[in-house]
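One letter stands for each residue in the lines below.
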Amino acid sequence: MSKKPKSIVSVFLCFVLIFSFAVPTFASKNNDKINNLVNAKGFKDVPKNHWAYDYIMWMYQNGFINGVGNDKFDPNGTLTRAQFAKMMVNTLDLEVVNPKTPTFIDVPKKHWAYTFVESSLKYLTAYTNPGGGLKFKPDEPAVREDMAVALVKATGYQNESVDESIL
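*Asks:* Just give me the short version of the overall build of the protein, but keep the residues and values in it.
*Replies:* When its secondary structure is counted, the protein shows six helices and two strands. Seen in sequence order, the protein has helices and strands lined up from the N terminus as α-α-α-α-α-β-β-α. Pairs at least 24 residues apart make up 65% of the contacts formed inside the protein by residues separated by at least 6 positions. A total accessible area of about 10,000 Å² is found for the protein, and carbon and sulfur atoms account for 52% of it.

Now the structure itself:
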């Protein structure tokens with residue numbers, strides 16, 4: 001993983017973990033740049049008066065998200081585990097890998113998120129299949145606890161010392 005400023009990682013963590021709440025988690029520093037981008041390409045289902053408009057466009061502008069297709073973002077949709085894997089790889093600039101053999105029986109090489117899932121597998125949870133093999137469950141909702149653990153592992157924060165006296 002390349003070294004990105006902790007502020008970018010923090011922004012991503014906040015966005016992913018709190019996006020479903022109506023409380024903004026970070027501020028756009030350059031609204032004019034975002035508005036110019038929207039004039040070129042926006043999301044049909046995210047009006048400019050949407051509470052998360054600036055944040056969604058910031059994530060789009062920085063290449064962390066692309067939407068769900070057909071110029072839509074689906075702001076009220078549920079983030080899937082596969083979508084989170086892609087966001088995590090893009091945001092943290094993880095090395096993209098494309099192994100010959102899939103790790104998960106439910107994410108074959110032809111799956112749209114194959115390289116993202118494989119690239120983030122040491123950070124994300126897997127499920128044991130009773131019939132053998134591992135499952136990733138790419139279309140299941142991403143769980144906040146799993147996302148938080150993955151981001152802590154990927155950024156190395158688990159090695160940080162904490163002053164527990166302030167808790």
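Here the narrative resumes, following the displayed structure.
*Asks:* Provide a residue-level description of the packing of aromatic side chains, including the pertinent values.
*Replies:* Taken as a whole and assessed by the stated rule, the structure comprises four aromatic pairs. Seen from their ring centres, Phe-43 and Phe-73 are 5.6 Å apart, and the 50° between their planes marks the pair as tilted. Of the two residues, Phe-43 sits in the loop between helix H2 (31-40) and helix H3 (53-61) while Phe-73 sits in the loop between H3 and helix H4 (81-92), which places them 30 residues apart along the sequence. By relative accessible area, Phe-73 is classed as buried at 13%.

*Asks:* How would you summarise the nonpolar core if you had to cite specific residues and measurements?
*Replies:* If you look at the biggest cluster of nonpolar residues, it comprises 21 residues, and the most contacted ones within it are Phe-84, Met-88, Val-117 and Leu-124. Broken down by secondary-structure element, the contributors of at least two residues to this core are H4, helix H5 (114-119) and helix H6 (144-155). Ranked by residue count, the leading element in this core is H4, at six residues. Filtering out sequence-adjacent residues up to four positions away, Val-117 remains in contact with Ala-85, Phe-104, Val-107 and Phe-136. Among the nonpolar cores identified, the runner-up in size contains 14 residues, and Met-57, Met-59, Phe-64 and Ile-65 belong to it.

*Asks:* Which residues make up H3, and what values go with them?
*Replies:* Judged by how many residues are buried, H3 sits mostly within the fold: seven of nine residues are covered. Listed in full, the buried residues belonging to H3 are Tyr-53, Tyr-55, Ile-56, Met-57, Trp-58, Met-59 and Tyr-60.

*Asks:* Would you mind going over a nonpolar patch on the surface in detail, with residue names and values included?
*Replies:* On the surface, Val-162, Ile-166 and Leu-167 cluster together into a nonpolar patch covering about 390 Å² of accessible area. You can see Val-162 is positioned in the segment after H6.

Thresholds applied
- Starting afresh in each chain, residues are numbered from 1 along the sequence in its written order.
- A pLDDT threshold of at least 70 governs which residues receive local features in this predicted model, and a stricter bar of 80 or more applies before side-chain atom pairs are shown or counted, although totals over entire chains, interfaces and linings include all residues.
- The basis for every side-chain value is the complete set of non-hydrogen atoms in the structure, without hydrogens or water.
- We count a stretch as a helix when DSSP gives it H or I for four or more residues in a row; a strand needs E for two or more, and each element gets its number in order from the N terminus.
- The contact definition used throughout considers only heavy atoms, calling two residues in contact when any of these lie within 4.5 Å.
- Residue-level accessible areas treat just the shown protein chains as cover; the underlying method is Shrake-Rupley with a 1.4 Å probe.
- Pairing of aromatic rings covers Phe, Tyr and Trp, the last counted by its six-membered ring, and requires centre-to-centre distances within 6.5 Å; plane angles under 30 degrees mean stacked, over 60 mean edge-to-face, and any other angle means tilted.
- Throughout this description, buried means an accessible area under 20% of the type-specific maximum (1.4 Å probe, protein chains only), exposed means over 50%, and partly exposed covers the range between.
- We call a set of buried Ala, Val, Leu, Ile, Met, Phe, Trp, Tyr and Cys residues a nonpolar core when their side-chain atoms join them within 4.5 Å.
- The patches described consist of residues with a relative accessible area above 30% and no salt bridge, like charges being joined within 9 Å and nonpolar side chains (Val, Leu, Ile, Met, Phe, Trp, Tyr) within 5 Å.
- Any Lys or Arg side-chain nitrogen found within 4 Å of a carboxyl oxygen on Asp or Glu counts as a salt bridge.

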